[in-house]
Amino acid sequence: MPEKEQFQLGDNRSLDEVINEMNDCGFLTSFCTTCYRSKRTGKDFMCVAKPGNIQNYCEANGVLTFKEYLLDYASTTTKNSGERLIQRELEKIKVI
């Protein structure tokens, strides 16, 4: 039996650790379930997602659900990095 593994089979990090790393990479974690609740799934979802148009549906919901996660569950470190990320995302939203 080899002394070292070729790769790790599981990710043992906590959700908070993963989200904090995603924040540091500039990715907003969305907990939005609007498509599912609106029955926009399967082929209907892919028709919107593949060309990149899904952002027109979820930008605000993504920010709001991420903020809810930060308020309810995040560590102080993740809250701080998440708040900075939210501010950057809000600056990108076009007001019509």
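Residues numbered from 1 in each chain as written. Predicted model: local features only at pLDDT ≥ 70, side-chain atom pairs only at ≥ 80, totals over all residues. Heavy atoms only, no water.

**Considerations on the overall build of the protein**
Consideration 1: Helices and strands together make up the secondary structure of the protein, namely 5 helices and 0 strands.
Consideration 2: Beginning at the N terminus, the succession of helices and strands in the protein can be written as α-α-α-α-α.
Consideration 3: Over its C-alpha trace the protein gives a radius of gyration of 17 Å, far above what one expects of a compact globule, namely 12 Å for 96 residues.
Consideration 4: Scored against the burial criterion, the 96 residues of the protein give a buried share of 23%.
Consideration 5: Counting only contacts in the protein whose residues sit at least 6 apart along the sequence, the fraction spanning at least 24 positions is 61%.
Consideration 6: Accessible surface, the protein: about 7800 Å² in total, of which carbon and sulfur atoms supply 54%.
Consideration 7: Both charge centroids of the protein, one from 13 positive and one from 14 negative side chains, sit 9 Å from each other. (Helix = DSSP H or I, 4+ residues; strand = E, 2+ residues; numbered from the N terminus. Rg over C-alpha atoms; globule rule 2.2 N^0.38 Å. Buried < 20%, exposed > 50% of the residue type's maximum accessible area, 1.4 Å probe, protein only. Contact = heavy atoms within 4.5 Å. Areas by Shrake-Rupley, 256 points an atom, 1.4 Å probe, with all protein chains shown as cover. Lys, Arg positive; Asp, Glu negative; His and termini not counted. Charge placed at Lys NZ, Arg CZ, Asp CG, Glu CD.)

**Remarks on the pattern of salt bridges**
Consideration 1: Using the criterion set out here, one finds 4 salt bridges in the structure.
Consideration 2: In this structure, aspartate 11 and arginine 13 form a salt bridge, with 2.5 Å as the shortest nitrogen-oxygen distance.
Consideration 3: Exposure remark for arginine 13: the relative accessible area of 37% places this residue in the partly exposed category.
Consideration 4: Taking the shortest distance from any N to any O, the salt bridge between arginine 13 and glutamate 21 comes out at 2.6 Å.
Consideration 5: Residue classification places glutamate 21 among the partly exposed positions, given a relative accessible area of 42%.
Consideration 6: The structure contains a network of salt bridges with shared partners spanning Asp11, Arg13 and Glu21. (Salt bridge = Lys/Arg side-chain N within 4 Å of Asp/Glu carboxyl O.)

**Description of the packing of helix H4 (residues 55–72) against helix H5 (residues 76–92)**
Consideration 1: Relative to each other, H4 and H5 sit at 160°, their axes nearing to 10 Å. Looking at the two axes, H4 sits roughly antiparallel to H5. Helix-helix and strand crossings are classified by hand; for H4 and H5 the assignment is left-handed. When H4 is examined against H5, the residues Val63, Phe66, Lys67, Tyr69, Leu70 and Leu71 are found in contact with a partner set consisting of Thr78, Lys79, Gly82, Glu83, Leu85, Ile86, Glu89 and Leu90.
Consideration 2: Here the contact of H4 with H5 is composed, by residue class, of 8 nonpolar, 2 polar and 4 charged. (Axes fitted to C-alpha atoms, helices over the stretch in contact; angles between N-to-C directions. Parallel < 35°, antiparallel > 145°, perpendicular 65-115°, else oblique. Left-handed = near helix turned anticlockwise from the far one by under 90°. Nonpolar A, V, L, I, M, F, W, Y, C, P; charged D, E, K, R; others polar.)

Shape is all these values report; function is a separate question.
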